[in-house]
Amino acid sequence: FTPGTMLVQPSALVKGLADSLPSNVTLYENTAITEVEYGDKVVLKHDLGQITADKLILANNAFGQRFGFSQLKRTMLPVFLYASMTRPLTPSEQAELGGKDFWGVIPSDPFGSTVRRTHDNRILMRNSFSFNPNGKPKPHCLERFISKHQRSFDNRFPMLPDVNFEYTWSGSLALSQNHKGFFGQLAPNVYGALCCNGLGI
Ligand SMILES: Cc1cc2nc3c(=O)[nH]c(=O)nc-3n(C[C@H](O)[C@H](O)[C@H](O)COP(=O)(O)OP(=O)(O)OC[C@H]3O[C@@H](n4cnc5c(N)ncnc54)[C@H](O)[C@@H]3O)c2cc1C
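A quick note: this is a predicted structure, and the numbers were derived from the prediction, not measured. (Residues numbered from 1 in each chain as written. Predicted model: local features only at pLDDT ≥ 70, side-chain atom pairs only at ≥ 80, totals over all residues. Heavy atoms only, no water.)

*Asks:* Would you mind going over the overall build of the protein in detail, with residue names and values included?
*Replies:* Within the protein, the regular secondary structure consists of three helices and eleven strands. In terms of overall dimensions, the protein has a C-alpha envelope of 65 × 40 × 35 Å along the principal axes. When burial is assessed residue by residue, the protein has 31% of its 201 residues classed as buried. Accessible area for the protein stands at about 13,600 Å²; split by element, carbon and sulfur atoms hold 56% of it. The positive charge centre, built from 20 side chains, and the negative charge centre, built from 16, are 8 Å apart in the protein. (Helix = DSSP H or I, 4+ residues; strand = E, 2+ residues; numbered from the N terminus. Buried < 20%, exposed > 50% of the residue type's maximum accessible area, 1.4 Å probe, protein only. Areas by Shrake-Rupley, 256 points an atom, 1.4 Å probe, with all protein chains shown as cover. Lys, Arg positive; Asp, Glu negative; His and termini not counted. Charge placed at Lys NZ, Arg CZ, Asp CG, Glu CD.)

So, in structure tokens, the structure goes:
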């Protein structure tokens, strides 16, 4: 429990920020950068063309290691975390569960579980991780961890015996050995804000 903090719905936050950008900002989604030329201008290449920028702020977490900066090489451990979310609880299941109707807990131990009750009365269980050196997801891990999430759920919520998960997903993040992120200049016109250590915004 950290006093003065608040719980946000991350998808709503990200979409809300994207919808609130000032008119002089253009957002390119689904535009994977595959090559960069550094110099007076930074040229970012993608499948359909290129983007030229005066300044670059690299904020792509573990993937930042692959953008050609020796000071970032081997500083970040690329891992994936896994989460599952149940179907909405029925009114009688909500009564069995009791307590507040909306809450979230995050673990002080990084290998613990994040657990949330959402506004539409689903329970979210987040635990387990994998090492993904190439930055790509591992589908077999997703399969394996659904049953682990179910076990965690059953242990913690024995009053909800018939609740199954409706969604399971994974997401990438970066860890460093000393728990510090990278924040600062990488080259002329290039800055980095990288290696989240799972600490969110
Ligand atoms: C399952 C899961 C649960 C989590 N739960 C919590 C929680 O409860 N609370 C909390 O505070 N934090 C949580 N986190 C951690 C939080 O999500 C991260 O710390 C946060 O998203 C890091 O933000 P970021 O912007 O630094 O990096 P990211 O969110 O990782 O964003 C990096 C972006 O760079 C993009 N990118 C990478 N390479 C390229 C490329 N070549 N070209 C273009 N784009 C590229 C990626 O597509 C991605 O959109 C969780 C993470 C996961 C995976």
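*Asks:* An account of the sheet that holds strand E7 (residues 114–117) is needed here, citing residue identities and associated values.
*Replies:* Strands in a sheet are paired, the pairing made by backbone hydrogen bonds, and the direction either parallel or antiparallel. Strand order in the open sheet formed by five strands is E6-E7-E8-E5-E9, and the pairing between neighbours is antiparallel. In this open sheet, the two strands that pair with only one neighbour each are strand E6 (103–105) and strand E9 (165–175). This sheet shows a mean twist of 20° between the axes of neighbouring strands, independent of strand direction. As paired strands, strand E5 (residues 77–86) and strand E8 (residues 123–131) are joined by six bridges and run antiparallel to one another. When the sheet's bridge partners are listed, Met-85 is paired in E8 with Leu-124. (Pairing = 2+ DSSP bridges. Axes fitted to C-alpha atoms, helices over the stretch in contact; angles between N-to-C directions.)

*Asks:* Now, about the domain arrangement of the protein: what can you tell me, with residues and values included?
*Replies:* You can read the domains of the protein as domain 1 (10–76 + 177–194) and domain 2 (77–174). One C-alpha centre belongs to domain 1, the other to domain 2, and the line joining them spans 30 Å. Each side of the interface is counted separately: domain 1 has eight residues, and domain 2 has nine residues. In this assembly, domain 1 packs against domain 2 so that about 560 Å² is buried in total across both faces, 55% of it on carbon and sulfur atoms. Its largest share of buried area at the contact with domain 2, domain 1 owes to Phe-63, Arg-66 and Met-76, together 59% of the area lost on that side. Counting across the domain 1 and domain 2 interface gives zero salt bridges. Applying the counting rule to domain 1 against domain 2 returns two residue pairs in polar contact (both at pLDDT 80 or more). A class-by-class count of the residues in the side of domain 1 that touches domain 2 yields four nonpolar, three polar and one charged. (Domains from an automatic or database assignment. Contact = heavy atoms within 4.5 Å. Buried area = accessible area lost by both parts, 1.4 Å probe. Salt bridge = Lys/Arg side-chain N within 4 Å of Asp/Glu carboxyl O. Polar contact = N/O pair within 3.5 Å; in protein donor to acceptor, adjacent residues only side chain to side chain. Nonpolar A, V, L, I, M, F, W, Y, C, P; charged D, E, K, R; others polar.)

*Asks:* Before we move on, could you go through the environment of Thr-31 and cite the residues and values that matter?
*Replies:* By secondary structure assignment, the location of Thr-31 is in the loop between helix H1 (10–19) and strand E1 (35–37). Put simply, Thr-31 and Asn-155 are 124 residues apart on the chain and 42 Å apart in space, counted from C-alpha to C-alpha. Setting aside anything within four residues of it in sequence, one finds Thr-31 in contact with His-46 and Ile-51. Among the polar contacts listed, one links the side chain of Thr-31 to the backbone oxygen of Glu-29, at a separation of 2.8 Å.

*Asks:* Break down the layout of surface pockets for me, with residues and values.
*Replies:* Considered as a void within the structure, the second largest pocket measures approximately 190 Å³ in volume. Lining the second largest pocket we find Ala-59, Asn-60, Asn-61, Phe-63, Ser-172, Gly-181, Phe-182, Phe-183, Ala-193, Leu-194, Cys-195 and Cys-196. Here the residues of the lining of the second largest pocket are counted per class, giving eight nonpolar, four polar and no charged. (1 Å grid on protein atoms, 1.4 Å probe; cavity = no way out; pocket = protein on both sides within 12 Å on 5 of 7 lines; lining within 4 Å. Points joined across faces, edges and corners; volume = space filled by probe spheres on them.)

*Asks:* An account of helix H3 (residues 139–156) is needed here, citing residue identities and associated values.
*Replies:* If you check H3, its first and last C-alpha atoms are 26 Å apart, about what 18 residues at 1.5 Å a residue would give, namely 26 Å. When H3 is considered as a whole, its buried residues turn out to be Cys-141, Phe-145, His-149, Ser-152 and Phe-153. Check the buried side of H3 and you find it contacts E5, E8 and E9. (Expected span 1.5 Å × (residues − 1).)

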